[in-house]
Amino acid sequence: MLEVRGLRSSYGRIEVIHGVDLDVGTGEIVALIGANGAGKTTLLRAISGVQPISAGEIRLEGAAITRDAAHRRVAGGIVQVPEGRQVFKPLSVEDNLRLGAYRRRKSPEADVERIYAMFPILKEKRLQPAGGLSGGQQQMLAIGRAIMGDPKLLLLDEPSMGLAPVIVGQIFEVIRTLKAEGVTILLVEQNAGAALAIADRAYVMETGRMAMSGIASVLAADENVRRAYLGI
Ligand code: ATP
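Residues numbered from 1 in each chain as written. Predicted model: local features only at pLDDT ≥ 70, side-chain atom pairs only at ≥ 80, totals over all residues. Heavy atoms only, no water.

**Notes on the confidence of the model for the chain**
Logical step 1: Across the chain, the average pLDDT comes to 92, with 97% of residues at 70 or higher.
Logical step 2: Taken element by element, the chain is modelled with least confidence in helix α4 (residues 109-118), mean pLDDT 86, and with most confidence in strand β1 (residues 2-11), mean pLDDT 98. (pLDDT = per-residue confidence, 0-100. Helix = DSSP H or I, 4+ residues; strand = E, 2+ residues; numbered from the N terminus.)

See the structure below:
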């Protein structure tokens, strides 16, 4: 589905991604873990086309998208749920969902109902402004809005950030459901334990480089990973 090769990216003259490779296969959940500042968010933003790159190739289903603008990548099926959720706070829950479907011509009604089935609380609050939702509900809305875009590849940036454990559990349950429905997912997480438990494969990023990669359950059992990222 997604192939990243030799990707480099900088802020001004400071390079923060030093030539990374990453693959996400169709139907997989791939986790990207690593310490604060390792470059995970920058890499996700480079894949969705909102962060410039200085070298490397990005391919989606075999076709090079490296030079495509962000909106073309969205049209091609790459949809990102940004860190910090960024829902449109003054707009109602339902209007937020409808905005996620802006690029599609067919009526979004069936998909709105699908999102409500996944997140009943959003249906209850559908006419309320998104800014009045709790953090967990806003994360559900941000994910729901992304699903309205009918993604082939969903990029999730720290969906558990700042949420209570019980809500984190719900969010990860939804990620599992999306996978079962055939959505391919690249998941950036500080919560390495939860991410490795849900993922098929994972990459560990350290200061702009891929330090390790492999089957998620194998990484979760690795001594170095356990000590550095799982606090065990
Ligand atoms: P976090 O978990 O904190 O989001 P991360 O692994 O996602 O960390 P990035 O946010 O991609 O890491 O940051 C990678 C590096 O780039 C860090 O050294 C960070 O300080 C730097 N950086 C991030 N955003 C900017 C920016 N807008 N301008 C300059 N440097 C930045």
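Additional details are given in the paragraphs that follow.
**Notes on the sheet that holds strand β6 (residues 78-81)**
Logical step 1: Spatially, the six strands line up as an open sheet ordered β6-β7-β8-β3-β9-β10, and their pairing is mixed. Taken across any chain shown, the strands that pair with only one partner, and hence form the sheet edges, are β6 and β10 (209-215). Adjacent strand axes in the sheet meet at a mean angle of 15°, parallel and antiparallel pairs treated alike.
Logical step 2: Here strand β3 (residues 29-33) pairs with strand β8 (residues 184-188) via four bridges, running parallel. By the bridge assignment, L32 is partnered in β8 with V188.
Logical step 3: Here helix α6 (residues 135-148) sits on the sheet and contacts β6 and β7 (153-157); the angle it forms with β6, its principal contact strand, is near 170°.
Logical step 4: Running over the sheet, helix α7 (residues 165-180) touches β3, β7 and β8 and is turned about 150° from β8. (Pairing = 2+ DSSP bridges. Axes fitted to C-alpha atoms, helices over the stretch in contact; angles between N-to-C directions. Contact = heavy atoms within 4.5 Å.)

**Considering the side chain of E28**
Logical step 1: With respect to the helices and strands, E28 occurs in the loop between β2 (14-24) and β3.
Logical step 2: Within the structure, E28 has its side chain in polar contact with the backbone nitrogen of G25 (distance 2.7 Å).
Logical step 3: Discounting residues that sit within four places of it in the chain, E28 has contacts with D23, K179, V183, T184, I185, D200 and R201. (Polar contact = N/O pair within 3.5 Å; in protein donor to acceptor, adjacent residues only side chain to side chain.)

**Some words on the environment of L186**
Logical step 1: With respect to the element layout, L186 can be found in strand β8.
Logical step 2: You can call L186 buried: its relative accessible area is 0%.
Logical step 3: Taking the C-alpha atoms as reference, L186 lies 9.9 Å from R201; in sequence the two are 15 residues apart.
Logical step 4: Setting aside chain neighbours within four positions, we find L186 in contact with L2, L22, V24, V30, L44, I47, L153, L154, L155 and L156. (Buried < 20%, exposed > 50% of the residue type's maximum accessible area, 1.4 Å probe, protein only.)

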